[in-house]
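# A closer look at the structure
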Amino acid sequence: MISLKSKLPWLLAPAAMISTAFGQEDEYKADYDALLADQVVDGVDYSYAFDFFTTSMLWTVIAAAMVFIMHLGFATLEAGLTQKKNTVNILFKNVWIISIGLLTYALIGFNTHYPGDNWQIKNIIGIGGPISELTDGAGNNSFGYGGMDLAMTAYGDFIFQAMFAATAATIVSGAVAERVKLGSFMIYSAILVAIGYTIAGSWHWGEGFLNKLGGGEKAFYDFAGSTVVHGFGGAAALAAVIILGPRKGKYTANGIKPILGHSMPLAAIGVFLLFFGWFGFNGGSVLSANPGPLGLVFTTTALAAAGGGVASIFTSMIVLRKPDLSMALNGLLAGLVSITAGADSVEPMQAIVMGIVGGIIVVFSILLFDKIKIDDPVGAISVHGVVGIWGTLAVAIFAPETANFVSQLIGVVSVYAFAFVFSFALFFIIKLVMGVRVSEEEEVEGLDVAEHGVPAYTD
Amino acid sequence: MISLKSKLPWLLAPAAMISTAFGQEDEYKADYDALLADQVVDGVDYSYAFDFFTTSMLWTVIAAAMVFIMHLGFATLEAGLTQKKNTVNILFKNVWIISIGLLTYALIGFNTHYPGDNWQIKNIIGIGGPISELTDGAGNNSFGYGGMDLAMTAYGDFIFQAMFAATAATIVSGAVAERVKLGSFMIYSAILVAIGYTIAGSWHWGEGFLNKLGGGEKAFYDFAGSTVVHGFGGAAALAAVIILGPRKGKYTANGIKPILGHSMPLAAIGVFLLFFGWFGFNGGSVLSANPGPLGLVFTTTALAAAGGGVASIFTSMIVLRKPDLSMALNGLLAGLVSITAGADSVEPMQAIVMGIVGGIIVVFSILLFDKIKIDDPVGAISVHGVVGIWGTLAVAIFAPETANFVSQLIGVVSVYAFAFVFSFALFFIIKLVMGVRVSEEEEVEGLDVAEHGVPAYTD
Amino acid sequence: MISLKSKLPWLLAPAAMISTAFGQEDEYKADYDALLADQVVDGVDYSYAFDFFTTSMLWTVIAAAMVFIMHLGFATLEAGLTQKKNTVNILFKNVWIISIGLLTYALIGFNTHYPGDNWQIKNIIGIGGPISELTDGAGNNSFGYGGMDLAMTAYGDFIFQAMFAATAATIVSGAVAERVKLGSFMIYSAILVAIGYTIAGSWHWGEGFLNKLGGGEKAFYDFAGSTVVHGFGGAAALAAVIILGPRKGKYTANGIKPILGHSMPLAAIGVFLLFFGWFGFNGGSVLSANPGPLGLVFTTTALAAAGGGVASIFTSMIVLRKPDLSMALNGLLAGLVSITAGADSVEPMQAIVMGIVGGIIVVFSILLFDKIKIDDPVGAISVHGVVGIWGTLAVAIFAPETANFVSQLIGVVSVYAFAFVFSFALFFIIKLVMGVRVSEEEEVEGLDVAEHGVPAYTD
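Here the structure is a predicted model, which means the values were calculated and not measured.

### Points about the overall build of chain A
Of regular secondary structure, chain A possesses 16 helices and 4 strands. For chain A, buried positions account for 70% of its 459 residues. Expressed as a percentage of contacts within chain A between residues at least 6 apart in sequence, the contacts between residues at least 24 apart total 77%. With an accessible surface of roughly 12600 Å², chain A has 64% of that area assigned to carbon and sulfur atoms.

Printed below as a string of structure tokens:
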């Protein structure tokens, strides 16, 4: 397809090099011979298995780094879409979330997320301990942990999943921005990510009850987490926002007063970084470097995002009568959430349609929540929560051989209900104990100076 | 060279693990044995081929993600180098371009870019259909698509090339910034990327006439697209800017009035992200993970950029009598464009020289275009168009065994002429139908409020 | 652990594809057979070695790109934590450093860093020449360069190390910000990175005397460079700051007057990008894609950062009585520096403790330097210099089987002393020749307008 003749000498060169390079062939050969001998067990050459595993594990850790950068994406998106006076506060919360998210996931989260046989309530709750219990085993060098199906070491599995874990709390962070009390949010987010997210996740990814529907024949299907990550975060955010109430001055007697974001470049940086990181989020969920699904997942992920972006652009042009940048940005994210549950199961053209529907839904959802006075400064409930439902159900619609509609519905209802109730109860208790909202004066002054003592910008 | 003795136990451990991990050796062995059996065809062990393919395909999708992030680089660079009042507009255009670029590339672009045998005009025009026609085949799992020469699946090929496609339109976006009508640009950019770019690309990468020069013996050589991507974008931008005219107040009776960019940090973020993404742009163009060319391409790419940066710094110090940051930033990009056509074909020291020349050219080119009143707010025509010529010809100068000077010239002339004419005609028709320039009042007010109804920044 | 049954058909498909795809089996088979034949030397199949090498080399270049992006991290962090009026200057210096750092590393640095047998003073100084002397060899295609222990080509080794080299100078850039003369800093940084950094590095990574302590039995251990990169930069920065003196108005008769950073979003972008890049910095230092150490290094790196972030948050809350964002950000970095020397040698829980200690140290260190009137606008001396000592010694404390405490101390003392003296002498000579500090008027006006003639932001 592409002319590569000029490259062939390179391509054919390597093997010949073995015996000629620097005249050191004997020394090198001894090295390789030792390694090659290690690949043979009971007379069978396992080098293929080891190579596939090595490449796959490399992809896992790179994908983990890409998911990590989504946290910068969330931080800048949230900061950009809110007021200048609350910027330090938002950035601080995001430093907190990634830090405490990684720590709690090591101390309790991972083993709660994947309980193995250690359920306290069979297939529903399996609170676990620190990862050292797991990682002390032999699974950290090679095949011993997941084999070829989960082609990574125990540490690889941990670090990739740890990067996901903090995401749920980050979604809430955006929705409660500009009026939540810092200390209260710090406690809330730590517990949400350590216990709430991991329990819900265990139902699906930890071989819990959602994975056992229909005796396992009709298991709930959520490839990279439309429901289990994004839906969980969106539903938790809704509960928190209901308890917290809207920002002062947003819903007035004279109607809704839009509160503009203070920096659209920051918001755009955030969305593009999220888009970039999503390739790791979805692509890494292949759980190996298997070329077939990897190529498909990258393609469906990108096309769904594009469909979402274009759909939001036109929907906002029609509905709002202007080309709205924040809607366009949320459209890209909506497309990404739309494909997250089924990225490995649909065709490219189906991915485009899924993204387009997500991009339309998100515009109406954001307008609707504003109408019912649910004040979500960044649209997180719509992007992650509402579109997450669509993405999850869409797998059953577009790929019925992969997912069962009823099972998808059961998954959505149970995860969303749990997230809502857990978040509501937790945030409510914190409200009773120490309050969750800053004073009216602090809100007017801005959280940066009120809570942190410094502004985000100086002249 | 580096002491690794302490790591040897790790290195030698894996194979031994196979039979010891968790005492599950038999279960795992059965797994691997099945996989290994699959790698043997007619008694020959193909695991090497599959492994090389797997690693190569992984690189392709990672490179695609890196090229994607170049779109954030373009967005922030363009926003940073223009006025505050047009920032939302620029960001919006970039969301549009990446979205519509991906969609049109799936719907028509890819199969136009690589027509195979489906030319309407032999080796010149081969408009194609949606990718599903291609990707329905067996090429999406393994070797069936490109083999070891194009070591990726059909989806891998698509997503990598799709990220390139939108680039051409993005280059134009910067040059026409601050006065182009949004709707007109949306239509223009969609057609440019869907049809214009892909036709020109098919001449070289789609096995068209540029690849057949001298009966294929003297094929035009453009490794990653100095001419086919950057030159195309630069020449198209020139045509659009000529039709559009300069920004109000730039060229006055009292001489040139510089219009400063509103945020140099945004501009710097843009250039560094472009530099980062260029490792995927050039490195991914190796089309496999072949260690030899991969190391060379990363090295020449980085060194040419460095040469360009240093050359622009000193050139601007001498010519402008001050160390100019925007020139330094454009110098890095000029170095990158300089090496893009020959990154796999020159030595490191040659790469430095190529970058230095590019870095000098770009300063004089930007000054020259200003002198002849071609108003390009971000210097895109110089960076991508003018330096693209240098980069393409430089391959023949520094690596005559790879490229023929006359062929390089034919390639430059035909692609640049086509891009210019296509862009001119398209933009001219749009001008006749709906206009291409905002009103003078809108330009003064800024496109953010005039076209989008909101400012990019609030206090 | 994770249900993958639905993916098994993909996983098992590839091999079967070989003989069925598009009916082109014979053509493809011939291709592969030729390649496979090339992997056999003297009757032994070397494909495993080549595959491991290919995957490892891919990781090396990706890691190099990730370390590259740390330079954007440094640029934005430094810009964010300083005043608006010096932003162009800081960005310009960072363009300079990455450019000149790459060039000098190619022209002299690499071969000074790794002298092989070409020492002028045995195991202490081995100034070398351009990389072409090295890269002309056969080491650029395959095993010939480093074999399986240093699984990369010569170019891979070069580009990865080149990205490290400029880091030392960048650390100084932050500490001397807002008052250093541009031309003086340009000369200083070029020499520091070309000669100073590479000599110190050769003692450890170039098989110099630190690698020979105790006859090699008690070699200094610094996995990815807590001392050799970060400590070097921090100690050099301290010397430069002492010569330069504090910013005007910082230390007054009425006490310390804090000079706030002008953009906390820029600072946060910087730190998150540094965190992201550190996965390449530490992960790439595995020097291969060996799954065991790779997973461990990613895990310890992330957990130490998280420990540092949380520790700084609570320390700042207690000591400063407010949740300080810049301390939180520096806490993440302190955690990363803390783990850099031992990322491959400690357990996850140890990594957390190491990060926590680093995060506590950095807060007190920053306060202490302010108390003794060492003015470091970004806290670079504390983050990289002081915490670098902790990170280096911590390996001996937590992993005594890997590192010897006395050797670690010898390493720290010799590298820090050399860096301090080299930097002091160099900067002092430059001060005598051309001065190192801008005039008081220029400092008040800001370096952007004074040195570069333009502001970083316009309205």
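That was the structure; now back to the text.
### Focus on the confidence of the model for chain A
All names here are of chain A. Overall, the predicted model of chain A reaches an average pLDDT of 90, with 87% of residues at or above 70. For the stretch residues 1-25, pLDDT sits under 50, and the model shows 61 contacts to residues farther than four places along the chain or on other chains. If you check the scores for this complex, the pTM reads 0.94 and the ipTM reads 0.93.

### Let's talk about helix α3 (residues 47-80) of chain B
With 34 residues, α3(B) should cover 50 Å at 1.5 Å per step; its first-to-last C-alpha distance of 50 Å lies within 8% of that length. For α3(B), the buried fraction is high: 34 of the 34 residues fall into the buried class.

### Some details on the packing of aromatic side chains
Applying the stated rule across the entire model yields 75 aromatic pairs over all chains. Three or more aromatic residues joined by ring pairs make a cluster, and in this case those are A:Trp59, A:Phe272, A:Phe275, A:Phe279, A:Phe298 and B:Phe68. The positively charged end of A:Lys84 is found above the aromatic ring belonging to A:Tyr457, 5.3 Å away from the centroid.

### Side note on the environment of A:Phe92
Relative to the helices and strands, A:Phe92 resides in helix α4 (residues 87-113). Owing to a relative accessible area of 0%, A:Phe92 belongs among the buried residues under this scheme. Here the alpha-carbon distance between A:Phe92 and A:Leu182, two residues 90 residues apart in the chain, equals 9.1 Å. Beyond its immediate chain neighbours, meaning those up to four positions away, A:Phe92 contacts A:Leu182, A:Met186, A:His452, C:Ile313, C:Pro323, C:Asp324, C:Leu325 and C:Ala328.

### Let's talk about the side chain of A:Arg179
All names here are of chain A. In this structure, Arg179 sits in the loop between α6 (154-175) and α7 (182-204). Buried charge without a partner: Arg179 forms no salt bridge, and the closest opposite charge is Asp375, 4.2 Å away. A polar contact of 3.0 Å, which involves the side chain of Arg179, links it to the backbone oxygen of Ala177. Side-chain polar atoms of Arg179 contact the backbone oxygen of Asp375, separated by 2.7 Å.

### Side note on unusual backbone geometry
Despite not being glycine, A:Asn123 has its phi angle at roughly 65°, a positive value. Its place among the elements puts A:Asn123 in the loop between α4 and α5 (132-135). Relative accessible area serves as the criterion here: at 14%, A:Asn123 is assigned to the buried category. At C:Glu178, a position not held by glycine, the phi torsion is positive, near 80°. Assignment of secondary structure puts C:Glu178 in the loop between α6 (154-175) and α7 (182-204).

### Quick look at a nonpolar patch on the surface
Residue and element names in this part refer to chain A. Judged by side-chain polarity, Ile187, Ile191, Ile242, Phe424, Phe428, Ile429, Leu432, Val433 and Met434 come together as a nonpolar surface patch covering roughly 800 Å² of accessible area. Listed by contribution, the elements that provide at least two residues to the nonpolar patch are α7 and α14 (405-434). Inspection of the secondary structure assignment puts Ile191 in helix α7.

### Considerations on the side chain of C:Thr299
Here C:Thr299 shows up in helix α10 (residues 291-319). Once you skip the residues sitting within four places of it in the chain, C:Thr299 turns out to touch A:Tyr155, A:Phe158, A:Ile159 and C:Pro348.

### Here we look at the packing of α7(A) against α14(A)
In a pair of packed helices, the angle between the axes and the distance between the axes together describe the arrangement. Residues and elements named next belong to chain A. Put simply, α7 and α14 touch, their axes get as near as 10 Å, and they point 155° apart. Between α7 and α14, the angle is such that the two are roughly antiparallel. Relative to α14, α7 is oriented so that their crossing is right-handed. Contacts between α7 and α14 involve Gly183, Ser184, Ile187, Tyr188, Ile191, Leu192, Ile195, Gly196, Ile199, Ala200 and Trp203 from the former and Ser414, Val415, Phe418, Phe422, Ser423, Leu426, Phe427, Ile430 and Met434 from the latter. For the contact of α7 with α14, the class distribution of residues is 15 nonpolar, 5 polar and no charged.

### Brief notes about the pattern of salt bridges
Summed over all chains, the structure comprises 24 salt bridges over all chains. The residue B:Lys322 makes a salt bridge to B:Asp324 at a minimum N-O spacing of 3.4 Å. For B:Asp324, a relative accessible area of 9% translates into the label buried. In this structure, C:Glu207 engages C:Lys212 in a salt bridge whose closest nitrogen and oxygen atoms are separated by 3.9 Å.

### A word on the packing of helix α4 (residues 87-113) of chain C against α6(C)
Residue and element names in this part refer to chain C. Relative orientation of the contacting elements α4 and α6 amounts to 130°, with a least axis distance of 8 Å. Here α4 is positioned oblique relative to α6, judged by the angle of their axes. For α4 against α6, the interelement crossing comes out right-handed. For the pair α4 and α6, the contacting residues are Lys93, Asn94, Ile97, Ile98, Gly101, Leu102, Tyr105, Ala106, Phe110 and His113 in the first and Asp157, Phe158, Gln161, Ala162, Met163, Ala165, Ala166, Ala169, Thr170 and Ser173 in the second. Within the contact of α4 with α6, the residues separate by chemical class into 12 nonpolar, 6 polar and 2 charged.

### Notes on the environment of A:Ala343
Residues and elements named next belong to chain A. By the element assignment, Ala343 lies in the loop between α11 (325-340) and α12 (348-371). Residue Ala343 is classed as buried on the basis of its relative accessible area of 0%. Setting aside anything within four residues of it in sequence, one finds Ala343 in contact with Phe223, Asn282, Leu296, Val297, Thr300 and Thr301.

### Describing helix α9 (residues 264-283) of chain A
Residues and elements named next belong to chain A. With 20 residues, α9 extends 28 Å from end C-alpha to end C-alpha; this agrees with the ideal 28 Å at 1.5 Å per step. The largest bend along α9 reaches roughly 30° and is located at Gly277. For α9, the tally of buried residues reaches 20 of 20 residues, placing the bulk of the element in the interior.

### Considerations on the environment of B:Gly292
Residues and elements named next belong to chain B. Within the secondary structure, Gly292 sits in helix α10 (residues 291-319). Residue Gly292 is classed as buried on the basis of its relative accessible area of 1%. Spatially, the C-alpha atoms of Gly292 and Pro348 are 14 Å apart, while their sequence positions differ by 56 residues.

Parameters at a glance
- Residues numbered from 1 in each chain as written.
- Chains lettered and ligands numbered in written order.
- Predicted model: local features only at pLDDT ≥ 70, side-chain atom pairs only at ≥ 80, totals over all residues.
- Heavy atoms only, no water.
- Helix = DSSP H or I, 4+ residues; strand = E, 2+ residues; numbered from the N terminus.
- Buried < 20%, exposed > 50% of the residue type's maximum accessible area, 1.4 Å probe, protein only.
- Contact = heavy atoms within 4.5 Å.
- Areas by Shrake-Rupley, 256 points an atom, 1.4 Å probe, with all protein chains shown as cover.
- pLDDT = per-residue confidence, 0-100.
- Expected span 1.5 Å × (residues − 1).
- Phe/Tyr/Trp six-rings, centres within 6.5 Å; stacked < 30°, edge-to-face > 60°.
- Lys NZ or Arg CZ within 6 Å of the ring centre and 35° of its normal.
- Lys, Arg positive; Asp, Glu negative; His and termini not counted.
- Salt bridge = Lys/Arg side-chain N within 4 Å of Asp/Glu carboxyl O.
- Polar contact = N/O pair within 3.5 Å; in protein donor to acceptor, adjacent residues only side chain to side chain.
- Patch = residues over 30% accessible without salt bridge, like charges linked within 9 Å, V, L, I, M, F, W, Y side chains within 5 Å.
- Axes fitted to C-alpha atoms, helices over the stretch in contact; angles between N-to-C directions.
- Parallel < 35°, antiparallel > 145°, perpendicular 65-115°, else oblique.
- Left-handed = near helix turned anticlockwise from the far one by under 90°.
- Nonpolar A, V, L, I, M, F, W, Y, C, P; charged D, E, K, R; others polar.
- Bend = angle between axes of the 7 residues up to and from the residue.

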